[in-house]
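# What the coordinates show
Okay, here's what each chain looks like letter by letter:
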Amino acid sequence: MHKLEPMWWGLFSVGGTIAAFLLPAMILVVGILGPMGIASEATSFVRIDSALDGLISKIGFVVVFSTITMHCMHRIGALVPDLKIPVSKKLASAIGHLGALIMTAAVLVLLLDS
Amino acid sequence: MTTLQHDLVIIGGGLAGLRAAIEAARTAEKAGKSLDIAIVSKVYPVRSHSVSAEGGAAAVLRDYDTFDLHAMDTIRGADFLADQDAVEILVNSAPSEIIQMEHWGCPWNRDEDGHVSVRAFGGMSVKRTVFASDKTGFHMLHTLFQTSLKYTTITRYDEWFVTSIIADDKEVHGIVGLDISTGSFHAIKAKAVMLAAGGGGRVFAFTTNGSICTGDGMALAYRAGAPLKDMEFVQFHPTGLPNTGILITEAARGEGGYLINAKGERFLEKYIPNKMEMGPRDIISRAIITELEQGLGYGESKDGFVHLDLRHLGEKHLKSRLPFILELTRTYMGIDPVIEPIPVRPVLHYMMGGVHTDNDGRTPLKGLYSAGENACVTINGANRLGSNSLTECLVFGARAGSAAAGYIFETAGSDKDLSTFAERDETKIRTRFLTERNRGEKVSVIRKELQATMEEGAGVFRTAKGLNGSIEKLAELRERAQRLQIKDSTRTYNLELVGALELDFMLDVADTIVQSAHNRQESRGAHVRRDFPERDDEKWLIHQQANMTPKGLKIKKSPVTITKWQPEERKY
Amino acid sequence: MTPEGQTRRLISKRPKPRSWWLLNKRYTIYMLRELTAIPLLGFVLLCLYQLIKLSAGQSSYESLLSAMSSPAWILINAFILVASILHSVTWILLMPKGLPEFIVGIRVPPAPVLFGGFATWIAVSGIIVTICIRL
Amino acid sequence: MLERRIKVNVERQNFELQEGIYTQSYEVPVMDGMMVLDALNYIRDEIDSTLAFRWSCRMGICGSCGMTVDEQPRLTCQDNLNEYSDEISVAPLNNFPVIRDLVVDIDDFMQKKLPSVSPWLIRKEEAPLDEGEYLQSPAEMAKYADNSACINCMLCYSACPVYDMEPNFVGPAAMALAQRYNLDSRDQGSGARYSVLSGPDALWDCTFVGECSVACPKGVNPAEAIQRAKVEAAQRWAKSIIMPWSQK
């Protein structure tokens, strides 16, 4: 499994960078401005549905979603020893990576469906 | 108790010891033979005092330079007491050793064209000192240590204190070491033993030397029956920080620094006008002490100082060439050399003397080798030139390593049973230091009195009276040391016991220094007698070898080897 | 090295509390930085949930939207936003240490990397928010 | 002038005498410019000769005297008492097994971890010495100069939470020294070193706390060295996947 460490770390880094540049604005729009009615058009069903229609935007969404997920799960896996939680470090990180893969798969299925 | 066994046991993991170990391993590799090497050191090798060397290592690497010039500088610096065949070996081998270090990764400073840089140093008539910033010893030591890690034939015993060399009048059989972390004694059997344990500067109170420099290697050889040569010659470095004795490298002057007295004069004009700050260390140290005695320094002569002024060199130059000096003066003096002069005074730095060896590190005792400051080949004679000692560690470390390997290939090794020796040392030491009846004297008290009497009698200027006083005081201390009190009776990491063993060694080394100095009725190099102010080649162009005998210290004289350079008046 | 049979008896290292990261300020900041992953994961899960709702049809999606306009949801998202900003700041601050130290042999000082990082972040965020508001 | 006195609370252990840690307090007179190490030496010389701690060069280069002072990893020979209040605590370095008092066991680094990263110059072929030095410009040297300043004092390991949790972690100093050679223009052995760095308990276990670089008394920046090595290792991995033929 060690052979894959550089890949996990690479995805973690890419995800962290994407998250750093995009997430605050996205959360602001999706989580606050949209629901408060300031940017309600941006989060409307029609907009989102049509935005996710094209192949390119689907790929874009998957890349952003999966790397950010991988970033989060990789970090959470590393938090296990940091918080001195009595779970083996290897197990924690394997569960984290696996979780991120499952979530990515779920997104793929949902997007192919629509 | 099991006896450990290696072919070659090297005591000391500093520059000379590591260089010897690597060369021994390489010699075996080239010869297609197996050679089992051990390095036994009372500290991790990277803690060895080589680490504190700052300025650089001398070698003829430039077209403007010649071997003869380097040899002549060295011999004149030595006040003609160096063995000239040894000096020729040193200068001839120096360049390839420097390149070898470079090939092992040593970060020598570079010129823009990619070649190794050189800087000026005291007593060297041209720029020939290569350097790695002003942490040359540190970089060389770590390069050698890291390089040694790739040789699987080298085993290390870190933090082992060697208590004795096992030898009879024919040959060496091994050593006894105390594993400091467990407090257990072990004999290590060896076909050859090499002493590369450095000098003993700590016999003086005010020294650049680290706490570990207690002359262990010299005392071990002395007790095993090998003579200590030229012990009267100890070097005072002109520029140490007051109070701490921390070294301010000669490179500070090599890069252009000035020595200034309290009247603001570059006082060296009075003493060595042609060389000024680039004079040899003995002359400059004497000049500073003379200024202080005449009230021309700051403070009194005993702990006064003069100024080392680097301000005119500019911050950029200081940062690139002398960053460690900036760090040291800021940390330990609260002084910024960019805007303030540095207070400095002469400080005990180096012992020219040591275990008598031939040019391949062989001592008169069969199977016993020595190299580095521990040994006396002798290339340093009565006064060592700055930047020759790092080179010496490389050149003669390598020669001793390869000679020892050659000896081991041809020797069967003794069948002597060493199983009782560890117990012998342990019983002796425990009885002497750790039984109730011995209670009385403290290690730290005797150590400080020893250091004080050495400053008093064996300093920059010496007299028969002062030396006699020290000899008597040492006898008294030796007697009192029989009643040392060790409060710590545990085995694990008992540093009080180690301190007592070191003190015992220091007393021997100090004794050879003062007795040899008392005997030498002339002034030569670093040994200056106020009662015999002239050099006397008729009577004293000789080495003195101190031998331990049942009747005490006996001095034997031996000739100085002269090849091309006839002694003449030492003028600069 | 200690010969066989002479094993050194070692005392275990100094005990460290589970809350070691409160021992100094920098450890605490590090821990906060790492903990941002949890709120960020929360947002990722929210997106996933939105996607599920989206594929379930317009009414399903819009019921989620209206639930999300409750003050509790907005408060939670505000908290996630704060964590996300902390992530961005700490990530950009570390960026100079991940990039090559030398580009064509010239040492790249950290200042321009930091400046570039923060400027890009602010610009990108401004553009996204502005477009979304103006739609 | 009133003499300043400080109270030094030393954390001691000696299993031969008693189990567990106990604290012993000493009163030490302080002069201007005195370091924590000087206070310890005063204690050993004048008050309690049984106190065990390592020291040698007392000028910040041999790396022996690392300890935990007021819960921070410090090189005690350059740690000025002027910067402390009138009561300080001195304990052994964190994260290492203790041998006794202030002495910790660092054999694992000296005998195993450091050698594991091949910290020596590797050449495909050694050039003969009479051909002279391998040329290297000052700019090329500057690339590894900082990493070569490590004195092996172990303060970075003491500051590293990852090492606390995972004693097998190769750790900051060893990885910084591996990078010291990887970045040296004369070296040709980075492939071998990267295979160790990219293996278990090395680069990928570092979570970039960054405290190693704060603790370092010699200006080495292990956190940065490790981070850069991760980037390089990830690139090498990607290259080996995309262009498997490029691997020799």
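Residues numbered from 1 in each chain as written. Chains lettered and ligands numbered in written order. Predicted model: local features only at pLDDT ≥ 70, side-chain atom pairs only at ≥ 80, totals over all residues. Heavy atoms only, no water.

## What to know about the overall build of chain B
Summing up its helical and strand segments, chain B has 15 helices and 22 strands in all. Seen through its principal axes, chain B has C-alpha atoms that stretch 65 × 55 × 50 Å. Burial status across chain B gives 69% buried among its 572 residues. Here the analysis covers contacts within chain B between residues at least 6 apart in sequence; of these, 75% occur between residues at least 24 apart. Distance from the positive charge centre (70 side chains) to the negative charge centre (75 side chains) of chain B: 2 Å. (Helix = DSSP H or I, 4+ residues; strand = E, 2+ residues; numbered from the N terminus. Buried < 20%, exposed > 50% of the residue type's maximum accessible area, 1.4 Å probe, protein only. Contact = heavy atoms within 4.5 Å. Lys, Arg positive; Asp, Glu negative; His and termini not counted. Charge placed at Lys NZ, Arg CZ, Asp CG, Glu CD.)

## Observations regarding the overall build of chain C
In terms of regular secondary structure, chain C is built from five helices and two strands. Reading chain C from its N end, one meets helices and strands in the order α-α-α-α-β-β-α. The C-alpha atoms of chain C give 24 Å as radius of gyration, which overshoots the globular expectation for 135 residues (14 Å, by more than 25%). Principal-axis analysis of the C-alpha atoms gives chain C an extent of 75 × 45 × 30 Å. Relative to its full complement of 135 residues, chain C shows a buried share of 40%. Taken as a whole, chain C presents about 7400 Å² of accessible surface, with 73% of it coming from carbon and sulfur. (Rg over C-alpha atoms; globule rule 2.2 N^0.38 Å. Areas by Shrake-Rupley, 256 points an atom, 1.4 Å probe, with all protein chains shown as cover.)

## Observations regarding the pattern of salt bridges
Enumeration over the complete set of coordinates arrives at 81 salt bridges over all chains. A salt bridge links Arg430 of chain B to Glu426 of chain B; the nearest nitrogen and oxygen atoms lie 3.6 Å apart. With Arg430 of chain B and Glu426 of chain B both in helix α11 (residues 421-434) and four residues apart, the pair spans about one turn of that helix. Overall, the relative accessible area of 23% leaves Arg430 of chain B in the partly exposed class. Salt-bridge contacts for Lys13 of chain C lead to Asp164 of chain D; the nearest nitrogen and oxygen are separated by 3.2 Å. Here the residue Lys13 of chain C occupies a position in the segment before α1 (25-35), and Asp164 of chain D occupies one in helix α5 (residues 161-165), the pair thus bridging two chains. Three or more residues are tied together by salt bridges with common partners; here these are Asp79, Glu232, Asp282, Arg286, Arg520, Glu522, Arg524, Arg535, Asp537 and Arg570 of chain B. (Salt bridge = Lys/Arg side-chain N within 4 Å of Asp/Glu carboxyl O.)

## Comments concerning the interface of chain A and chain D
Facing 12 residues of chain A, the contacting portion of chain D comprises 16 residues. Buried area between chain A and chain D, summed over both chains or domains, comes out near 1200 Å², and the portion from carbon and sulfur atoms is 68%. At the junction of chain A and chain D, the tally comes to two salt bridges. We note a salt bridge from Lys89 of chain A to Asp205 of chain D, for which the minimum N-O separation is 3.3 Å. For the interface between chain A and chain D, the tally reads three residue pairs in polar contact (both at pLDDT 80 or more). Per-element tally for the side of chain A that touches chain D: the top contributor is helix α1 (residues 5-33) of chain A, with four residues. Class assignment for the residues of the side of chain A that touches chain D results in six nonpolar, one polar and five charged. (Buried area = accessible area lost by both parts, 1.4 Å probe. Polar contact = N/O pair within 3.5 Å; in protein donor to acceptor, adjacent residues only side chain to side chain. Nonpolar A, V, L, I, M, F, W, Y, C, P; charged D, E, K, R; others polar.)

## Focus: the sheet that holds strand β1 (residues 4-14) of chain D
All names here are of chain D. The sheet built from five strands is open, its strands ordered β2-β1-β5-β3-β4 with mixed pairing. Taken across any chain shown, the strands that pair with only one partner, and hence form the sheet edges, are β2 (18-30) and β4 (72-75). Between one strand axis and the next, the sheet turns through 30° on average, direction left out of account. Sheet analysis places strand β3 (residues 66-69) next to β4, joined by four bridges and oriented antiparallel. (Pairing = 2+ DSSP bridges. Axes fitted to C-alpha atoms, helices over the stretch in contact; angles between N-to-C directions.)

## Regarding the packing of helix α3 (residues 55-82) of chain A against α1 of chain C
In contact at an axis separation of 9 Å, α3 of chain A and α1 of chain C are set at 140° when each is read in the N-to-C sense. By the angle between their axes, α3 of chain A is oblique relative to α1 of chain C. Across the interface between the two elements, Arg75, Leu79 and Asp82 of chain A of α3 of chain A pack against Tyr30, Met31, Arg33, Glu34 and Leu35 of chain C of α1 of chain C. (Parallel < 35°, antiparallel > 145°, perpendicular 65-115°, else oblique.)

## Things to note about the state of the cysteines
Think of a disulfide as a covalent bridge from one cysteine sulfur atom to another cysteine sulfur atom. Under the counting rule described, the total for this entry stands at zero disulfides over all chains. This cysteine, Cys393 of chain B, is not joined by any disulfide, and Cys213 of chain B carries the nearest cysteine sulfur, 12 Å off. Unpaired in terms of disulfides, Cys156 of chain D finds its nearest cysteine sulfur in Cys150 of chain D, a separation of 6.2 Å. (Disulfide = S-S within 2.5 Å.)

## Brief notes about the interface of chain B and chain D
The interface of chain B with chain D comprises 65 residues on the first partner and 66 residues on the second. A buried area of about 5400 Å², summed over both sides, lies between chain B and chain D, and 52% of it is on carbon and sulfur atoms. Sorting the residues of chain B by area buried against chain D places Arg47, His103 and Gln146 of chain B first, and these three jointly supply 14% of that buried surface. On inspection of chain B and its partner chain D, the count reaches seven salt bridges. Note that Arg186 of chain D and Glu102 of chain B form a salt bridge whose closest N and O atoms lie 3.0 Å from each other.

## Topic: the domain arrangement of chain B
All names here are of chain B. If you check the domain split of chain B, you get domain 1 (1-233 + 352-572) and domain 2 (240-349). Between the C-alpha centres of domain 1 and domain 2 the distance comes to 28 Å. With 33 residues of domain 1 at the interface, the matching set in domain 2 holds 38 residues. Summed over both sides, the interface between domain 1 and domain 2 buries roughly 2900 Å², with carbon and sulfur atoms accounting for 56% of that surface. Counting the surface domain 1 buries against domain 2, the share from its top three residues, Glu54, Phe206 and Tyr572, is 26%. Across the pair Arg119 and Glu255 runs a salt bridge whose closest N-O atoms are separated by 2.8 Å. Residue composition of the side of domain 1 that touches domain 2, by class: 12 nonpolar, 14 polar and seven charged. (Domains from an automatic or database assignment.)

## Some points on the confidence of the model for chain C
Residue and element names in this part refer to chain C. In the predicted model, chain C carries a mean pLDDT of 90, and the fraction of residues at 70 or more is 91%. Taken element by element, chain C is modelled with least confidence in strand β1 (residues 102-103), mean pLDDT 69, and with most confidence in α1, mean pLDDT 97. Across the assembled chains, the prediction reports ipTM 0.95 with pTM 0.96. (pLDDT = per-residue confidence, 0-100.)

## Re the sheet that holds strand β21 (residues 542-549) of chain B
Residues and elements named next belong to chain B. Across the sheet, five strands lie side by side as β16-β14-β9-β21-β22; this open sheet has mixed pairing. The open sheet is flanked by β16 (375-376) and β22 (552-559), the only strands paired with a single partner. Bridge analysis of strand β9 (residues 228-229) against β21 gives two bridges, and the strand direction is antiparallel. Among the inter-strand pairings, Lys229 is bridged to a residue of β21, identified as Gln545. The sheet contacts of helix α14 (residues 495-519) involve β9, β21 and β22, and relative to β22 the element is tilted by about 55°.

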